Amino acid sequence: NILSIEHIGVAVKNMEGISSIFSDVLGLEFSGSEEVTDQKVITDIYQVDDSKLEFLKATTKDSPLARFIDKKGCGMHHIAFLVDHLQPALDYLQEQGIHLIDKKPRIGAEGLSIAFIHPKSTSGILVELCEKN
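What counts and how
- Residues numbered from 1 in each chain as written.
- Predicted model: local features only at pLDDT ≥ 70, side-chain atom pairs only at ≥ 80, totals over all residues.
- Heavy atoms only, no water.
- Pairing = 2+ DSSP bridges.
- Helix = DSSP H or I, 4+ residues; strand = E, 2+ residues; numbered from the N terminus.
- Core = buried A, V, L, I, M, F, W, Y, C linked by side-chain atoms within 4.5 Å.
- Buried < 20%, exposed > 50% of the residue type's maximum accessible area, 1.4 Å probe, protein only.
- Contact = heavy atoms within 4.5 Å.
- Axes fitted to C-alpha atoms, helices over the stretch in contact; angles between N-to-C directions.
- Salt bridge = Lys/Arg side-chain N within 4 Å of Asp/Glu carboxyl O.

**Quick look at the pairing of strand 5 (residues 75-83)**
In terms of strand pairing, strand 1 (residues 2-12) meets strand 5 through eight bridges, oriented antiparallel. Counted as the bridge partner of Val-10 is Met-76 from strand 5. Taken together, the five bridges between strand 5 and strand 8 (residues 126-131) define a ladder with parallel strand orientation. Opposite Ala-80, over in strand 8, you have Glu-128 as the bridge partner.

**Some thoughts on the nonpolar core**
In terms of nonpolar packing, the biggest core is built from 11 residues, these being Ile-79, Val-83, Leu-86, Ala-89, Leu-90, Leu-93, Leu-100, Ala-115, Ile-117, Val-127 and Leu-129. Met-15, Ile-18, Leu-53 and Phe-55 belong to the second-largest nonpolar core, a separate cluster that totals nine residues.

**Points about the sheet that holds strand 7 (residues 113-117)**
Judged by pairing direction, the sheet is mixed, and its eight strands sit side by side in the order 2-3-4-1-5-8-7-6 without closing on themselves. Here the strands that pair on one side only, and so sit at the sheet edges, are strand 2 (29-36) and strand 6 (106-107). Pairing of strand 6 with strand 7, which is carried by two bridges, proceeds in the antiparallel orientation. Along strand 7, the bridge assignment pairs Ile-107 with Ser-113. Contacts from helix 1 (residues 18-25) reach strand 1, strand 3 (41-48) and strand 4 (51-58) within the one sheet, and its direction differs from that of strand 3 by about 15°.

**Let's talk about the pattern of salt bridges**
Applying the stated criterion to the full structure yields five salt bridges. Put simply, Lys-40 and Asp-62 hold a salt bridge, and the shortest N to O gap is 3.7 Å. With a gap of 22 residues between them, Lys-40 in the loop between strand 2 and strand 3 and Asp-62 in the loop between strand 4 and helix 2 (64-72) connect regions that are remote in the sequence. Classification of Lys-40 as partly exposed rests on a relative accessible area of 29%. The salt bridge partner of Asp-102 is Arg-106, with a shortest N-O separation of 3.0 Å. Exposure remark for Asp-102: the relative accessible area of 10% places this residue in the buried category. In the salt-bridge network here, residues are joined through shared partners; they are Glu-6, Lys-52 and Glu-110.

Pasting the structure below:
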């Protein structure tokens, strides 16, 4: 079951100016910054009611995010949905023939269990599923 939109991931080349726009001008609450080493990104997270905006900056030139920016530019990278039970959701999607990037959950930003659905199965949109631990 999808419970809510957990966050929208936005790819950026740098974090300069993000806070002055989203926090100072738009009034969103800055939740924190975190490096997710296995994904080679730094995240800056802003709270939007029950959802979040997650700005992603690559930490290496060969990271998946850096390749995304080289190919598509800055902008929306993915949409993340909060699910009640991640592994059963992944099993169900596989049974439906959905192509997964992650067949097993891994740990992402904020300690969430996460897994990605391949954009080939979602009309070109990268979808992340998240479960709170």
